[in-house]
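Listed below are the residues making up each chain.
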Amino acid sequence: TRETAHYGALLSSPREGTGTTITILHNTSAVHAVPTFVNFVSSSIKQAVSGPGSGISVTNNPLPRTKTEAFDRLVNGLVDLVSTFVIIIAFSWIPATIVAYVVREREDHHNSKHQQLIS
């Protein structure tokens with residue numbers, strides 16, 4: 001799924017004196033991208049040295065959320081909900097204004113439609 005996807009790339013560049021330098025280009029919104037790509041690099045090096053059947057496995061367990069983080073998540077959800085309602089109310093005024101004008105046009109005492117047809 002999209003929530004569990006990790007986007008990134010590995011850049012391998014040879015350097016004189018130090019050997020090959022590997023640069024990890026990762027998406028910072030994926031929290032576990034760096035350990036995943038470090039594991040990928042380590043497994044690739046181990047497979048190159050020991051053969052294709054070998055590999056390294058990594059387990060990464062995040063720390064539980066603090067009370068502040070949980071509260072911030074709740075507040076952000078409420079702000080999103082309220083701003084959604086504000087936008088819905090704002091966009092409902094536009095058609096209501098147009099409809100009110102059309103309804104007023106049909107009233108007999110305004111008679112502006114009749115005046116436009118005559119002129």
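Refer to the structure presented above.
Residues numbered from 1 in each chain as written. Predicted model: local features only at pLDDT ≥ 70, side-chain atom pairs only at ≥ 80, totals over all residues. Heavy atoms only, no water.

**Digging into the overall build of the protein**
Put simply, the test is: Every helix listed is a DSSP run of H or I at least four residues long, and every strand listed is a run of E at least two residues long, numbered separately from the N terminus. Summary of the burial criterion: residues with accessible area below 20% of their type's maximum are buried, those above 50% are exposed, and those between are partly exposed, where the area comes from a 1.4 Å probe applied to protein chains only. Here a residue-residue contact requires only that any non-hydrogen atoms of the pair lie within 4.5 Å. What sets the accessible areas is the Shrake-Rupley method with a 1.4 Å probe; for residues, cover comes only from the shown protein chains.
Counting secondary structure elements, the protein contains three helices and two strands. Written out in order from the N terminus, the α and β elements of the protein read β-β-α-α-α. Looking at the 119 residues of the protein, the share that counts as buried comes to 8%. Considering only residue pairs separated by 6 or more positions, the protein has 27% of its internal contacts joining residues 24 or more positions apart. Counting every atom, the protein has about 10400 Å² of accessible surface; 63% of that belongs to carbon and sulfur.

**Observations concerning the pairing of strand β2 (residues 19–26)**
Selection criterion: When DSSP finds two or more bridges between a pair of strands, those strands are recorded as paired.
Note: strand β1 (residues 8–15) against β2, eight bridges, orientation antiparallel. What sits directly across from Ser13, in β2, is Thr21. With antiparallel pairing between neighbouring strands as the criterion, β1 and β2 make up a hairpin whose turn holds three residues, including Gly17 at a positive phi of roughly 95°.

**A few points about the environment of Val38**
The residue Val38 is located in helix α1 (residues 33–50) in this model. The exposure class of Val38 is partly exposed, given its relative accessible area of 40%. In the structure, Val38 is positioned 28 residues away from Leu10 in sequence and 9.6 Å away in space, judged by C-alpha atoms.

**Describing the side chain of Ser43**
Secondary-structure assignment places Ser43 in helix α1. A residue is classified by how much of its surface remains accessible, and Ser43, at 13% relative accessible area, is buried. Leaving out residues up to four positions away in the same chain, Ser43 has contacts with Gly55 and Ile56.

**Considerations on α1**
Counted only if it meets this: For a helix, the expected span equals 1.5 Å multiplied by the residue count minus one.
For α1, which comprises 18 residues, the first-to-last C-alpha distance of 25 Å matches the rise-based estimate of 26 Å (1.5 Å per residue) to within 8%. Buried within α1 we find Ala33, Phe37, Asn39, Val41 and Ser43. If you follow the buried residues of α1, they end up packed against β1 and β2. Positioned one or two residues after α1, Gly51 has a phi angle of 120°, which is positive.

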